[in-house]
Every structure is written in C-alpha cells, then in structure tokens.
There are 2 protein chains.
Amino acid sequence: MTDFAATKTRFHLPDGVIYLDGNSLGPLPKDAPARMDRVMRDEWGELLITGWNKAGWMAQPARVGDRIARLIGAEPGSVVMGDTLSIKVYQALASALDLAVTDRKVILSDSGNFPSDLYMAEGLIRSLDRGYELRVVTPEDIEANITDDIAVTLITEVDYRTGRLHDMNRLTAKAHAHGVVTVWDLAHTAGATQVELAACQADFAVGCTYKYLNGGPGAPAFIYVAPRHADRVRPALSGWLGHDAPFAFEQSYRPGAGIERMRVGTPPVLALAALESALDVWDETDMATIRARSQQLTALFIEQVERRCPMLELATPRDPRERGSQVSFRFENGYAAMQALIARGVIGDFRAPDIMRFGFTPLYIDDQDVIRAAEILQDVMDNKLWDHPDYMTRQAVT
Amino acid sequence: MTDFAATKTRFHLPDGVIYLDGNSLGPLPKDAPARMDRVMRDEWGELLITGWNKAGWMAQPARVGDRIARLIGAEPGSVVMGDTLSIKVYQALASALDLAVTDRKVILSDSGNFPSDLYMAEGLIRSLDRGYELRVVTPEDIEANITDDIAVTLITEVDYRTGRLHDMNRLTAKAHAHGVVTVWDLAHTAGATQVELAACQADFAVGCTYKYLNGGPGAPAFIYVAPRHADRVRPALSGWLGHDAPFAFEQSYRPGAGIERMRVGTPPVLALAALESALDVWDETDMATIRARSQQLTALFIEQVERRCPMLELATPRDPRERGSQVSFRFENGYAAMQALIARGVIGDFRAPDIMRFGFTPLYIDDQDVIRAAEILQDVMDNKLWDHPDYMTRQAVT
C-alpha cells in the first residue's frame, strides 16, 4: 500500500492549480531545493574536485540507474544515467543495429513514436549510409509488420498523443521469434505504467526522467541494455567515461564492463541531485500500486468528461489495459480550449492537430482533483470560454 | 581593467585551500546556490510546464551560448549549449567530415588531444565504415602533417597534461590552404586563453564549461559552427530541438536555422542556471585582461618552483605565448607528492605517468596564493613528505 495523501505533500503544487501535465514536466519535489543546495555548497563548494570520489559523483550515474531499474523491472546494474533521451535513442539504436541480423536493413517504427526518435534514426541511417530504411507504420499495424526482414524495432510503448499502450510482452516475443532486436522508448512508461523489462526480455530501453519521475526540466535520460547483451555491444558514442579505465588516459577506446560502456561524457552531477530527491518519493511506492491507481484516475476522468462534455471525442483507449497514464480528447478548437483551461488553473497540454492531453500521476493527483478538473472543463465547453482572442495564438510548449 | 580582488570574493574557496585545479573543476560562484534556488522554486515550482516559455528555458541554450561566444571570439548567434563535450566532439566531427573534400580519408589529431576526443572519433569512424583513418601524431608534428590528404583536423588547443598551446591562427590558416576542415576543442581554452574563432576563421569548435568557466560538475558543453557553414551542415545527431519546427511534431527531420540545428534534446535547465551565475562573474572582465594576468601568474609559479624545487622538471613551455593557463611538472613520485600537497591545502592534480598539474585562474588566484603554493610544494619536496603510505594508493580523479 502507498499513502498517496502523504506522497502528495511531498510536491510543491502552486495554489489553485490542478496539474495534469506531469506527463510533460513533473512538479518540484519539496525536498529538491534543499538537496541541491547541499550538493552545491557542501559538495561542489567544499570538496571541489575531490567530490568526484568523496561525494560519489563518479558512481552516481549507476547508483541512480539502479533506483530507476526497480521502477521498470530491470535487473540491478543494467541501467545507467546520462545525456538526453534523443542521445540515448541514438546510442541504443546504433548498438541494436550492431547486434541485428547482418543483411536486414529495416528499422521498424510507428507513427505514434515521438518525432525525435524518428529524427535520430534518420540521422543515424544517413551517417551509416548502408542502405538502412526507416519503416514507419501505424501503431495498429506494428505487430503485423514484425517480420523476417526487420532488423530492429524502435517503438515508444505509450503514444505521446493518444496514450495508447503497446503490449511490450507480446511485441517483444514476436520480435524475438523473428530474430528482431528491440529498442523500447519508455518516456511515457517510467513512473506511469508497470513494465517488466527483464521478464519480457527486452533488448534495449531508453527513457527520460523529467516527466512522471519528476526529475526537473532537462533532467538526464537513462539507458537499459539487457545483461545478456551488455558485454557484447560496441558503443557508437564511445566517450571516456564508458572506457574500461577512464583515468588511465589510454589513446584507444576499450569499452567498460557491461552497462558502464553506455556512459559517454562527464555526468551531470547537479541535475542528478534534483532527480535523486524525486526518486526518494518513488522509494515509498511500487509500480503495481501506481499502475492500479493510475487506471482508476484515468477511468474516473474519462467517465466524468464524457458525461459532462459530449462534444469531446476520446482519443485514448477505453480499455485501461490499453492505455498509459494519460487521457486525450480530440476537439477542433483544442488549442484555445486548453489555454482557457490553463487560465482557470487546470494545466494540461495540447498536441497538434487537435489533441487535448491530460496526465494522471497518483503521487500527487487524487479523485477530487480529477472531478474538479472535469467540472472546469465542462464550464469551458458549455460556455465556449475557448472562443476568446487571447487563446488563439499558439506558443511553443513541450 | 578588471578588479581581481573583487572577482575573487565572488567565489567560495574553502578555508585553508589554495585551489589550483580550476582547470579541472572550477569553484562555486557564491551567487549560484541562490540563483539555482530561484530557478527551482520560482520557475520549476511555480511555472511548471509554462516555464519553457515564461522563464525563457527554451531560448536558454542560445542565450548562454552568446555569453560564451564573447569569451572565445565567436560571432553572436554562432554558439549553442547542450550535452557533454564528448557528444559535441562527435557532432562537430561528423559535420566536418560532411563538409570535407570527398575522397580524403584522414582525420588528423595529436597525442596531446584529450583521449575522449580520440575515442569519439574512433566510434564515429567505426560507425561510418567508409575507410576513415584517425592519424595521431605528436603535437610537435601536427603542423607538418597538415597536407593535401587530410580531411579534417581534430585538435585540442591546450594540452591537458603539459599546458602546451597550439597556434590556432597558424594551424587554421595552413589547414585552409590545404583544403582541410578544422575542429578545435577549447576545453582548456575557454576562460583560460585568448582565442579569436571568427578572426582566425575556425570552422568548428567545442568546449566544456566546468573548468575555467566555473559552471559546476558536469556543466553543459558548447558547440561553435562558423556562420558560413551553419546553414549547410547536416547534423548527425538530428534531435527534435534542432528541428526547424520542434513543436509541429512532423515525422521527418528538417534542420533548424543556423546554429539551432546543433541542439539535440531537451536542454538541461538547472545545470544552465548554475552556469549563468558563473558567467555573471565573466561579465566583469575580458579575455585579453585574463590572458595577460594568467601569463604573469604562471610565470611567477614557474620561477618560484624552479628556484625552490630543483628536482621537479618543467613540462610546460617556458615561453608564455606557448602555454595555456596551467603549469605542469614531471616527478616520478608525482602522484604521492600531489596527495601530500592536497593534504596541506594546495589542490592540483595528477596525470599519468608523472605529471603534477596546476591551473591558474586570475578570477580567484593571486600572487600570494602562487607564492604560498610554491612554499608548500618546497616543503613537500625538501622533506620528502610524499614518501608516506597514505599517499601511494591511486584513486580516480578527473
């Protein structure tokens, strides 16, 4: 059991705000500023260069990786932190292609994948210049397209627009039956749904930590390599901290043991400090509990909104087993409606062309928040509050 | 003129410490914890997702890049922040190879380059699999080896062990005369020596911000692309924030305008906040002043140590025009001697096999510090204080 009333008090949530955008950027853990201050003053300030050893900065990427491993069903020692998710996608895909059947040239993805994953794949394919093809099908068609000509699948488990959840177990099993190597993007999975990387024998996985894990804006990414592969993969991004002996300053690269070789440059110590505060809250729960509660919250929101706002079209699967921890509705004036909502304290976000997106995070969202958000959404819709010039001009948001 | 007594007060320097390792990790700017606290509480905490626009997070990599551009003689709008230096080396080298004469296959570097640069080049060469060769010569031989068969030079301006400084003007001019594209690593240049990227027509440059710039452990890196190339380069690491319209979520990559295409993933907002505090101190000076003062400090240290410690062999060029902002001495028991020094409050560092390395940073090191450090070093050497079991076991340090 998790005391969600207690976890809610661990976050700073501005007065009058119902924050349904934790699927984009999680809120500030209340302990994070004090921890950051300690790391800055007591570690950086006092220890200076000796912090790499004395404060354990050098081991931080693996130590934090292990805390995340527990949340994604990964083996201890199989996850390491660093860089951004886009870089980790590149690293995982390059390594996966190295392990793939030699004469296969197709990287299979779907149109529900986050665009940056597709962009990074494009860049890698162009660099490699070996005739690789990025084949992008609809999410519904992905399973049928896992065939004997596929080298690697590059799939985001939860669709960032609709919240549709792929069946990682089934897709991974089918991929392996066809000799396909799998790369899973867990951006909307980590801290949102229950995934068991080890049990389903996933090959590679990557994810970010600023969404459901609440690590802060631009928090570092993670990469998972199945232990059966970890000593075989050849890093494309072969940086010194992935070297077997970084401080020997040898002239040639020798990959470090296991997941350590997926490290690249100097670790982002300050950013990892903020993330560690966020992970302290995660220590109080487990993903089975989170998943069950998330399904309740999303079901409640769907039920409330469909009853109150018949003009909104549900874009998220109705079956709770088939969705992540977000709910999306289509509405042609969705951008303006979301601005009207935000002005009234309900923060979700918008994804082109017409998706209003709401994230549900059991650590700090409760039934009352869900019902109140639906009431305010009803007010916006019933009274066409979105039809206001202030809400029409689009700005960039993530 | 710069008031160096005033800039010294802007840093936290622990009592009893003379910090001569700012070439590895700069000290904490006193204002940085408060700024970080504001960014965490007032921006992340209060603005949440809207911070990307309202707090200017999205524009931060270019805004901070411009502040660094001034310190390296680069054009406004030619520098952008993100990732680690190793990633930026990969990105610059991949783009440089794209611009290079097609049938040339040699990447020229030298043995004084930081190993991670060589490792990243190795990884890229292996991925590309197009017959590229990494040719590593001695620093003394680099100029003679810039010939018509070289595609790209990948050179660190200041040798991380000896402090030897390459003549960027002369080498770049020779490279261009032979149709060679240049990639400069400014890790020990930015904030240390006076470099004029625009004036010497450098093609690409990369650097880190945790050394002389004092951005904090794991602070983000920067990349420079000459404006004449910036709209032509094709990014190998084609992430969404380098896309021309990141928030259109198109399925295919289109590079953004100019240097923006060198962005990859979500920017490290918290780490950049710490760096911005450090750059506030840099606003009070200019690199010509810093360079002149640095040459005085290093000359004083060489004079003091050579007079006091005849058993130490100078590894750094005696001519101030040929060295960066560090001084290195060779000593066969250098590791133990450095530990003995650190135990007595003089923090430098050691690089295998026998280099004792000292960085000099005018912003917070003065003549008194230099003389006192030399006195303590003399005590360590005269009394063989290094010959102590506590100082013999090596630990990893950066």
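All figures in this text were calculated on a predicted structure; none of them were measured in a lab.

This part is about the interface of chain A and chain B. In this complex, chain A contributes 83 residues to the contact, which on the side of chain B involves 83 residues. Both faces considered, chain A and chain B share a buried interface measuring about 7,500 Å² in area, 65% of it formed by carbon and sulfur atoms. Run the count over chain A and chain B and you get two salt bridges. Put simply, A:Asp98 and B:Arg126 hold a salt bridge, and the shortest N to O gap is 3.3 Å. At the boundary of chain A with chain B, the tally comes to 31 residue pairs in polar contact (both at pLDDT 80 or more). Breaking the side of chain A that touches chain B down by element, the ones donating at least two residues are β3 (28-29), α2 (32-47), α3 (51-54), α5 (85-99), α6 (115-128) and α9 (269-282) of chain A. It is α6(A) that contributes the most residues to the side of chain A that touches chain B, eleven residues altogether. Of the residues contributing to the side of chain A that touches chain B, the split by class is 46 nonpolar, 24 polar and 13 charged.

Turning our eyes to something else, we now look at the domain arrangement of chain A. All names here are of chain A. Domain parsing of chain A yields domain 1 (4-30 + 286-391) and domain 2 (33-282). The C-alpha-based centres of domain 1 and domain 2 are spaced at 28 Å. Carbon and sulfur atoms make up 62% of the area that domain 1 and domain 2 hide from each other, which totals about 2,400 Å². Where domain 1 meets domain 2, there are zero salt bridges.

Topologically, A:Leu377 is positioned in helix α12 (residues 367-382). Taking the relative accessible area as the measure of exposure, A:Leu377 reaches 0% and is therefore buried.

The next subject is the packing of aromatic side chains. For any pair of aromatic rings, the description consists of the separation of the ring centres together with the inter-plane angle of the planes. Summed over the entire model, instances satisfying the criterion amount to 31 aromatic pairs over all chains. Between B:Phe301 and B:Phe360, the aromatic rings sit 4.8 Å apart at their centres with planes inclined by 50 degrees, giving tilted as the arrangement. Linking B:Phe301 in helix α10 (residues 287-308) with B:Phe360 in the loop between β15 (355-359) and α12 (367-382), this pair joins segments that are 59 residues apart in sequence. Among the aromatic residues, those joined into a ring-pair cluster are A:Phe114, A:Tyr160, B:Trp240, B:Phe247 and B:Phe249. Note that A:Lys105 overlies the ring of A:Tyr132, its terminal NZ or CZ placed 4.9 Å from the centroid.

In this section: the relation of the copies chain A and chain B. Mapping chain A onto chain B leaves a residual RMSD of 0.0 Å; the transformation is a rotation of 180 degrees accompanied by 0.0 Å of translation along its axis. On this basis, the relationship between the two copies can be described by a two-fold rotation axis. Minimal C-alpha separation from the rotation axis in chain A is found for A:Leu128, amounting to 2.5 Å.

Residue and element names in this part refer to chain A. As recorded in UniProt, the feature "modified residue: N6-(pyridoxal phosphate)lysine" (unreviewed entry) lies at Lys211. Relative to the helices and strands, Lys211 is located in the loop between β9 (204-207) and β10 (222-225). On the basis of relative accessibility, which here comes to 11%, the residue Lys211 falls in the buried class. Apart from residues no more than four positions distant in its own chain, Lys211 is found in contact with Gly22, Asn23, Ser24, Leu25, Gly26, Ala187 and His188. Separated by 3.2 Å, the side chain of Lys211 and the backbone oxygen of Asn23 make a polar contact.

Take the nonpolar core next. A:Phe301 and B:Phe301 are the most contacted members of the largest nonpolar core, which has 284 residues in total. In this structure, A:Phe301 is in contact with A:Val327, A:Phe329, A:Phe358, A:Phe360, A:Val370, A:Ala373, A:Ala374 and A:Leu377, ignoring residues within four places of it in sequence.

Residue and element names in this part refer to chain B. Pairing within the open sheet is mixed, and its seven strands lie in the order β4-β10-β9-β8-β7-β5-β6. Each of the sheet's edge strands pairs with one partner strand only, and the pair in question is β4 (79-81) and β6 (133-137). In this sheet, neighbouring strand axes are inclined to one another by 20 degrees on average, regardless of whether the strands run parallel or antiparallel. Bridge analysis of strand β7 (residues 150-156) against strand β8 (residues 181-185) gives five bridges, and the strand direction is parallel. When the sheet's bridge partners are listed, Thr153 is paired in β8 with Thr182. Across the sheet, helix α6 (residues 115-128) is in contact with β5 (106-110), β6, β7 and β8; its angle to β6 comes to roughly 160 degrees. Packing against the sheet, helix α7 (residues 168-177) makes contact with β7 and β8, and its axis sits at approximately 155 degrees to β8.

On to the UniProt feature "binding site: pyridoxal 5'-phosphate" (unreviewed entry) in chain A. Listed under "binding site: pyridoxal 5'-phosphate" (unreviewed entry) in the UniProt record, and renumbered for this structure, are A:Leu85, A:Ser86, A:Phe114, A:Pro115, A:Ser116, A:Asp117, A:Thr156, A:Asp185, A:His188, A:Tyr210, A:Trp240 and A:Thr266. Maximum C-alpha separation among the annotated residues is 30.2 Å over a sequence range of 182 residues, too wide for a single clustered spot. Locating A:Phe114 in the fold gives a position in the loop between β5 (106-110) and α6. With residues up to four places along the chain from it excluded, the contact list for A:Phe114 reads A:Thr156, A:Tyr160, B:Trp240 and B:Phe249.

Turning our eyes to something else, we now look at the environment of A:Ala94. Residue and element names in this part refer to chain A. As for its position among the elements, Ala94 is in helix α5. Taking the C-alpha atoms as reference points, Ala94 and Gln368, 274 residues apart in sequence, are found 46 Å from one another. Residue contacts for Ala94: discarding those within four places in its chain leaves Leu124 and Ala236.

Moving on, we get to the sheet that holds strand β12 (residues 326-330) of chain B. Residues and elements named next belong to chain B. Spatial ordering of the open sheet is given by β11-β12-β15-β14, a layout of four strands whose pairing is antiparallel. Single-partner strands in this sheet number two, and they are β11 (313-314) and β14 (349-351). Looking at chain direction, β14 and β15 are connected through three bridges and run antiparallel. Bridging across to β15, Asp349 finds its partner in Arg357. Here α10 sits on the sheet in contact with β11, β12 and β15, set at roughly 25 degrees to β12. Along the sheet, helix α11 (residues 334-343) makes contact with β14 and β15, crossing β15 at roughly 40 degrees.

A word on the side chain of B:Thr156. Residues and elements named next belong to chain B. If you trace the backbone, Thr156 turns up in strand β7. Accessibility expressed as a relative area gives 3% for Thr156, which makes it buried. A distance of 3.5 Å separates the side chain of Thr156 from the side chain of Asp185, its partner in a polar contact. The contacts of Thr156, once residues within four sequence positions are left out, are Asn113, Phe114, Asp117, Arg164, His166 and Asp185.

Moving on, we get to the packing of helix α5 (residues 85-99) of chain B against α6(B). Residue and element names in this part refer to chain B. Between α5 and α6, the shortest axis-to-axis distance is 9 Å and the interhelical angle comes to 50 degrees. Between α5 and α6, the crossing angle belongs to the class labelled oblique. Two packed elements cross with a definite hand, and for α5 against α6 that hand is right-handed. From α5, Ser86, Ile87, Val89, Tyr90, Leu93, Ala94 and Leu97 reach across to α6, where they touch Ser116, Asp117, Met120, Ala121, Leu124, Ser127 and Leu128. Of the residues belonging to the contact of α5 with α6, the class tally is ten nonpolar, three polar and one charged.

All names here are of chain A. One way to put it is that helix α10 (residues 287-308) packs onto α12 with a least axis distance of 9 Å and a crossing angle of 25 degrees. It follows that α10 is roughly parallel to α12 by the angle criterion. With respect to the hand of their crossing, α10 and α12 are arranged in right-handed fashion. Contacts between α10 and α12 involve Arg293, Leu297, Leu300, Phe301, Gln304, Val305 and Arg308 from the first element and Asp367, Val370, Ile371, Ala373, Ala374, Glu375, Leu377, Gln378 and Asp382 from the second. Residues that form the contact of α10 with α12 fall into these classes: nine nonpolar, two polar and five charged.

Thresholds, definitions, all that
Every chain is numbered on its own, with residues counted from 1 as its sequence reads. To read the labels, note that chains go from A and ligands from 1, taken in the order they are written. Reporting of local features is limited, given that this is a predicted model, to residues whose pLDDT is at least 70; pairs of side-chain atoms are given and counted only at 80 or more, and all residues count toward the totals for whole chains, interfaces and linings. Computation of side-chain values: all heavy atoms of the structure, hydrogens and water removed. Residues count as neighbours in contact if any of their non-hydrogen atoms are within 4.5 Å of one another. Once two parts are joined, some of their accessible surface, as seen by a 1.4 Å probe, is lost; buried area is that loss totalled over both. Put simply, a salt bridge is a Lys or Arg side-chain nitrogen that is within 4 Å of an Asp or Glu carboxyl oxygen. Polar contact is defined as a pair of N or O atoms within 3.5 Å, subject to the rule that within protein one atom must be able to donate a hydrogen and the other to accept it, and that residues adjacent in sequence are counted only when both atoms are side-chain atoms. Helix and strand definitions follow DSSP, with helices as H or I runs of at least four residues and strands as E runs of at least two, each counted in order from the N terminus. Amino acids are sorted into nonpolar (Ala, Val, Leu, Ile, Met, Phe, Trp, Tyr, Cys and Pro), charged (Asp, Glu, Lys and Arg) and polar (every other residue, Gly among them). What fixes the domain bounds is an automatic or database domain assignment. Each residue is assigned to one of three classes by its accessible area relative to the maximum for its type, calculated with a 1.4 Å probe on protein chains only: buried under 20%, partly exposed between the two thresholds, exposed over 50%. Centres within 6.5 Å are what make two rings of Phe, Tyr or Trp a pair, Trp counting through its six-membered ring; a difference in plane orientation under 30 degrees is then read as stacked, over 60 as edge-to-face, and the rest as tilted. Look at NZ for Lys and CZ for Arg. If either is within 6 Å of the ring centre and within 35 degrees of the ring normal, a charge sits over the ring. Overlaid copies result from least-squares superposition on C-alpha atoms, with residues included only where pLDDT is at least 70 in both. UniProt positions are given in the numbering used here, feature names are shortened, and annotations may be inferred rather than shown by experiment. In this description, a nonpolar core means a group of buried Ala, Val, Leu, Ile, Met, Phe, Trp, Tyr and Cys residues linked to one another through side-chain atoms lying within 4.5 Å. Should DSSP find at least two bridges between two strands, the strands are regarded as paired. Think of each axis as a best-fit line through the C-alpha atoms, taken over the contacting stretch in the case of a helix, with angles from 0 to 180 degrees between the N-to-C directions. Each angle is binned into one of four classes, with values under 35 degrees roughly parallel, values over 145 roughly antiparallel, values of 65 to 115 roughly perpendicular, and all other values oblique. By definition, turning the near helix anticlockwise from the far helix through less than a right angle yields a left-handed crossing, and turning it clockwise yields a right-handed one.

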